[in-house]
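Each chain, letter by letter, is given below.
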Amino acid sequence: MAKKPIKITEVVLRDSHQSLLATRMTMDEMRPILPAMDEIGYFSVECWGGATFDSCIRFLDEDPWDRLRILRREMPNTKLQMLFRGQNMLGYRPYADDAVEYFVQKSVANGIDIIRIFDALNDPRNLETAIKAANKEKAHVQGCISYTLSPVHNNEYFAEYAKTLEEMGADSICIKDMAGLLTPYTCYDLVKKLKETVNIPIDIHSHYTAGLASMSILKGIEAGADIVDTSMSPLALGTSHMPTESLVAALQGTDYDTGLDLNKLNVVRAHFAKLREKYIANGQINPKSLGVDANTLLYQVPGGMFSNMLKQLKDAGKEDKLDEVLQEIPRVRQDSGYPPLVTPTSQIVGTQAVFNVIMGERYKMVTKEFRGLVHGDYGKTPAPIDPAFSKKILGDDAPITCRFADTLEPEVEKLKAEAAKYVIQEEDVLTYAMFPQVAPKFFEKRAEKATGVDGEHVDYAGKSHPV
């Protein structure tokens, strides 16, 4: 066969620490190793988006936009990648189109090259605005398949969705296997089917949770995958990803050789090895997240959803009910049209399952978010919801069939007015938009520390603006 070097997307600066230590890696911990990472020759480094934005302002007292500008400055030769939740952006509700366009524009202006855009329900209508905006800004659009298992999800379904994304303007397709459900031969068949259906590169993103990722990725490579997501080994495995160095070594001397240098990778590894020791010593990494849990294959519960559910049960003094909740999740999922379990649907389904078990009666109490899911606020569910169940949850309120964002008024000007007293840079409006409860506290703390700030900052597009 002809040589086909595999490209690597390194996720240690985003998904690895989001999966293993609740997104608590700081900029100070990343910064010393960025120049060495810039020399590796990765296809891209995923370093922003997902939960990093929330964590920066909620826990770390860091400006996420400053983080992005530092990453851009320290890694000038590497494509920077972010994770973007379609119409929800980096928040947990659907936003109006003008806000989505503004966020994409600012992300690219501050240094993002590749935007990985996904929707929890695989509803293409929820990706329309983000894809168009990213195309307009000349960013690389990676359209995502939120991978899951159900009676309605199969390779034909995923291939058809991938074709839709390609036609909408995606530059590559990512199989986003957030719960580690891909098995080796399923992955082989899926990648083969996608390669027959679309003409753009295929990326495999699979978590190690069920212990299958390395095998699945190797079979996916043999089927024609172009890009693979991996993590530097100290923050790999468990609920994270397969190790970068292991894949580089496995492919050396083959037609798939990545061309990456293990000696250079070892310099990067040493830095994260020290951080791992620190995280384990201070309890930031829970040993449970480092092991393999094949139960994932039965319940399809991603790591973040599992820890969230465990906390809800603990707070209610009902930890002994965990098995009942795990058995209830597939039933709630069936009732609600088989949504893939990824933010925000994982939290919505998981929380409703917890309530169903704790209350001793199914749907005695229904969360606002679950009602929204059944109502159509998050998009079209993969399978239709039984009208009788819909009526039970919604009463006389009929579900919507249109794109939910079409029901929203433009909101950027309103957000600008609300955030005006905090704003020292245009991007602050977007920080406020994502987390209106948390952002003001962050802005106040920032103002207290503001002595010594210089008069302007320069974004990646080279436009300086006063602060």
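Our subject in this report is the structure included herewith.

Thresholds applied
Residues numbered from 1 in each chain as written. Predicted model: local features only at pLDDT ≥ 70, side-chain atom pairs only at ≥ 80, totals over all residues. Heavy atoms only, no water. Helix = DSSP H or I, 4+ residues; strand = E, 2+ residues; numbered from the N terminus. Rg over C-alpha atoms; globule rule 2.2 N^0.38 Å. Buried < 20%, exposed > 50% of the residue type's maximum accessible area, 1.4 Å probe, protein only. Contact = heavy atoms within 4.5 Å. Lys, Arg positive; Asp, Glu negative; His and termini not counted. Charge placed at Lys NZ, Arg CZ, Asp CG, Glu CD. Axes fitted to C-alpha atoms, helices over the stretch in contact; angles between N-to-C directions. Parallel < 35°, antiparallel > 145°, perpendicular 65-115°, else oblique. Left-handed = near helix turned anticlockwise from the far one by under 90°. Nonpolar A, V, L, I, M, F, W, Y, C, P; charged D, E, K, R; others polar. Salt bridge = Lys/Arg side-chain N within 4 Å of Asp/Glu carboxyl O. Pairing = 2+ DSSP bridges. Right-handed = clockwise from strand over helix to strand, strands pointing away.

Looking now at the overall build of the protein chain. Tallying secondary structure elements over the protein chain gives 21 helices and ten strands in all. Taken against the 2.2 N^0.38 rule, which gives 23 Å for 467 residues, the C-alpha radius of gyration of the protein chain at 22 Å falls within 12% of a compact globule. Along the three orthogonal principal directions, the C-alpha set of the protein chain runs to about 60 × 60 × 45 Å. Sorting the 467 residues of the protein chain into buried and exposed places 58% on the buried side. Nonlocal contacts in the protein chain, meaning residues at least 24 apart in sequence, comprise 75% of its contacts between residues at least 6 apart. Distance between charge centres in the protein chain, computed from 54 positive and 65 negative side chains, equals 2 Å.

To continue, consider the packing of helix α8 (residues 155–168) against helix α9 (residues 184–197). Two elements in contact, α8 and α9, have axes separated by 9 Å at closest approach and are oriented at 40 degrees. Between α8 and α9, the angle falls in the class oblique. Both α8 and α9 take part in a crossing whose hand is right-handed. Contacts between α8 and α9 involve Asn155, Glu156, Phe158, Ala159, Ala162, Lys163 and Glu166 from the first element and Asp189, Leu190, Lys193, Leu194 and Thr197 from the second. Along the lines of polarity and charge, the residues of the contact of α8 with α9 split into five nonpolar, two polar and five charged.

Moving on to the pattern of salt bridges. As a working rule, side chains carrying opposite charge can pair if their charged atoms are close by. Summed over the entire model, instances satisfying the criterion amount to 32 salt bridges. The partner of Lys4 in a salt bridge is Asp226, with the nearest N and O atoms 3.1 Å apart. Placement of the pair is Lys4 in the segment before β1 (7–10) and Asp226 in the loop between α10 (213–222) and β8 (227–230), with a sequence separation of 222 residues. With a relative accessible area of 22%, Lys4 lands in the partly exposed category. Arg446 serves as the salt-bridge partner of Asp63, at 3.5 Å between the closest nitrogen and oxygen.

The next thing to look at is unusual backbone geometry. Negative phi is the rule for most residues except glycine; trans is the rule for most peptide bonds. Residue Thr343 is joined to Pro344 through a cis peptide bond whose omega torsion reads 5 degrees. Phi at Lys138 is positive, roughly 65 degrees, even though this residue is not glycine. Tracing the chain through its elements places Lys138 in the loop between α7 (128–136) and β5 (140–146). Take Lys138: its relative accessible area is 74%, and that puts it in the exposed class.

Taking every second residue as pointing to the same face, both faces of β8 are buried, with Ile227 and Asp229 on one and Val228 and Thr230 on the other. Strand direction decides the pairing type here: strand β7 (residues 202–206) and β8, joined by two bridges, are parallel. For Ile204, the partnering residue across the bridge sits in β8 and is Val228. Note that the unit made of β7, α10 and β8 has a crossover that is right-handed.

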